[in-house]
Amino acid sequence: MTDRAESPLHRLKPLAGRALEQALNRLVALDPDTAQALSRLDGRRIGLALEAPPVALDITVGGGRLQVGPPAEEPDLGIRATIAGALSQLPFLRSSGAAPVGKLRINGDAELARTVQQLAQRFDPDWDQPFADLLGPIIGPQVA
């Protein structure tokens, strides 16, 4: 029987974590207000556990950036959710006025939970910026 540590899926986890970390930080960089607000959360850790597929990770704020890693001891804020439940909390992915769907359970620091919720609600990325960086200030926004 193959040892779990040697399975191809197990070896892909660190790579997937780094890719997620880069994607999250690029997304945060599209909203300077959110990027600045993260500095107030330096050292705080949020544990995220998705039910299907079963994935658990910690997101730590350090140096104004998000760091993704394996779950460790008790996080400051724990979130257990379905993928739909987690994504439905992001206002820019939800139809205006639509209620969130899916399951979501939160435990831990209530003030941190409110702060994270406010950050998500106020998140207003400049979706044109990556296109402008790539294609220039005239064509980029038109393509976006």
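Residues numbered from 1 in each chain as written. Predicted model: local features only at pLDDT ≥ 70, side-chain atom pairs only at ≥ 80, totals over all residues. Heavy atoms only, no water.

A. Structural view of the overall build of the protein. Helix and strand counts for the protein stand at 6 helices and 5 strands. Tracing the protein from N to C terminus, the helices and strands come up as α-α-β-β-β-β-α-β-α-α-α. Counting the 144 residues in the protein, one finds 26% classified as buried. Within the protein, contacts between residues at least 6 apart in sequence are counted, and of these 56% link residues at least 24 apart. For the protein, the accessible surface area stands at approximately 9,800 Å², while carbon and sulfur atoms represent 58% of it. (Helix = DSSP H or I, 4+ residues; strand = E, 2+ residues; numbered from the N terminus. Buried < 20%, exposed > 50% of the residue type's maximum accessible area, 1.4 Å probe, protein only. Contact = heavy atoms within 4.5 Å. Areas by Shrake-Rupley, 256 points an atom, 1.4 Å probe, with all protein chains shown as cover.)

B. Region of the structure containing helix α4 (residues 110–122). If you check α4, its first and last C-alpha atoms are 18 Å apart, about what 13 residues at 1.5 Å a residue would give, namely 18 Å. Within α4 the residues assigned to the buried category are Leu112, Thr115, Leu119 and Ala120. Down the axis of α4, the sector holding all buried residues measures 135°, keeping them to one side. Those residues of α4 that are buried lie in contact with α2 (32–38), β1 (45–50) and β4 (77–81). For α4, the N-terminal cap is Asp109; the gap from its side-chain oxygen to the backbone nitrogen of Glu111 is 2.9 Å. (Expected span 1.5 Å × (residues − 1). Arc of directions from axis to C-beta. Polar contact = N/O pair within 3.5 Å; in protein donor to acceptor, adjacent residues only side chain to side chain.)

C. Quick look at the pattern of salt bridges. Within this structure, the stated rule accounts for 6 salt bridges. A salt bridge links Glu51 to Arg105; the nearest nitrogen and oxygen atoms lie 2.8 Å apart. Taken together, the residues Glu51 in the loop between β1 and β2 (55–62) and Arg105 in strand β5 (residues 104–108) connect sequence positions 54 residues apart. Connected via shared salt-bridge partners are Arg44, Asp76 and Asp109. (Salt bridge = Lys/Arg side-chain N within 4 Å of Asp/Glu carboxyl O.)

D. Region of the structure containing the nonpolar core. By size, the foremost hydrophobic cluster in this structure holds 15 residues, and its most contacted members are Leu38, Leu41 and Leu66. If we ignore the near neighbours within four places in the chain, the residues touching Leu66 are Glu21, Leu24, Asn25, Val28, Leu38, Ile59, Thr60 and Val61. (Core = buried A, V, L, I, M, F, W, Y, C linked by side-chain atoms within 4.5 Å.)

E. Quick look at the environment of Pro14. Among the structural elements, Pro14 can be located in helix α1 (residues 8–29). In this structure Pro14 comes out as partly exposed when scored by relative accessible area, which is 43%. Note: C-alpha distance between Pro14 and Val68 (54 residues apart in sequence) is 9.3 Å.

Bear in mind that shape data such as this cannot, by itself, settle questions of function.
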